[in-house]
Amino acid sequence: TFDAGAAFTLTDSVNLGVVGYNLYGADAAQFPRAVAVGGLFRPMPKLTASFDALWNLDRDADQLRYGGGLEYFIATQRGQAGYPLRAGAVHDAGQDATYISGGLGMATMKFGVDVGARRQIGSGDELVVTAGLRFYGPRMATDSPGAGF
């Protein structure tokens, strides 16, 4: 399959993105043709709001999935570590399901740990809990944004 996407940095606090899935390729149920859009807004350094929506173009109506969330980042005094707190919601019209989510983590300059949960509300009782561990490698020193690319 062939996918394509683009990300746009409109300002220091606003980013937008668009993606096309399976634009060319297999015509199979496991590879539906779809488009998605997303956005990020950072009104202050510690607060981020995001949203996204995905439309499945190969199926009947009501194949829209959309959601949004907030992250508040509590930084340590010297800014070398912090604790992200997250909350969000998503609605999947194709499944007629709505979910709420939340999570917390710890991030340093060398690694990050996250735990999150998603709970179906209304028409079901699904609960998913996930955890993640990230390690960051050496970073290149740059004199200006974009240098080194």
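Values in this document were obtained by computation on a predicted structure and should not be read as measured data.

A few points about the pattern of salt bridges
Per the counting criterion, the structure on display carries 5 salt bridges. Here the salt bridges do not stand alone but share partners, grouping E71, R86, D114 and R134 into one network.

Digging into the pairing of strand β9 (residues 127-135)
Among the 9 residues in β9, 0 count as buried, and that is only a small part of the element. Summarising the sheet, strand β8 (residues 111-121) and β9 pair through 9 bridges and their orientation is antiparallel. Opposite V115, over in β9, you have A131 as the bridge partner. Taken together, β8 and the strand that follows it, β9, pair antiparallel across an intervening segment of 5 residues, in which G122 is found at a positive phi of about 85 degrees.

Here's the deal with the pairing of β8
For strand β7 (residues 97-108) and β8, the ladder comprises 10 bridges, and the chain directions are antiparallel. Pairing of G103 across the sheet is with G116, part of β8.

Focus: the sheet that holds β8
One open sheet holds the 9 strands; their spatial order is β1-β2-β3-β4-β5-β6-β7-β8-β9, and the pairing between them is antiparallel. Bordering the open sheet on either side are β1 (2-11) and β9, each of which pairs with just one other strand. Neighbour-to-neighbour, the strand axes of the sheet open up by a mean angle of 15 degrees, direction not taken into account. Pairing analysis gives 8 bridges linking β1 to strand β2 (residues 14-24), with the strands arranged antiparallel. Bridge pairing in β2 places G5 opposite V19.

Thoughts on the layout of surface pockets
Estimated volume of the largest pocket: approximately 420 Å³. If you go around the largest pocket, you meet 25 residues; those closest to its centre are G68, G69, A87, G88 and S101. Among the elements of the structure, β4 (47-56), β5 (64-75), β6 (81-92), β7 and β8 are those that each provide at least two residues to the lining of the largest pocket. A per-element tally of the lining of the largest pocket places β5 first, with 6 residues. Classifying every residue of the lining of the largest pocket by side-chain character gives 9 nonpolar, 10 polar and 6 charged. Quantified by volume, the second largest pocket comes out at close to 220 Å³. Lining of the second largest pocket is provided by 16 residues; of these, P32, A34, L54, N56 and R59 occupy positions nearest its centre.

Conventions used here
- Residues numbered from 1 in each chain as written.
- Predicted model: local features only at pLDDT ≥ 70, side-chain atom pairs only at ≥ 80, totals over all residues.
- Heavy atoms only, no water.
- Salt bridge = Lys/Arg side-chain N within 4 Å of Asp/Glu carboxyl O.
- Buried < 20%, exposed > 50% of the residue type's maximum accessible area, 1.4 Å probe, protein only.
- Helix = DSSP H or I, 4+ residues; strand = E, 2+ residues; numbered from the N terminus.
- Pairing = 2+ DSSP bridges.
- Axes fitted to C-alpha atoms, helices over the stretch in contact; angles between N-to-C directions.
- 1 Å grid on protein atoms, 1.4 Å probe; cavity = no way out; pocket = protein on both sides within 12 Å on 5 of 7 lines; lining within 4 Å.
- Points joined across faces, edges and corners; volume = space filled by probe spheres on them.
- Nonpolar A, V, L, I, M, F, W, Y, C, P; charged D, E, K, R; others polar.

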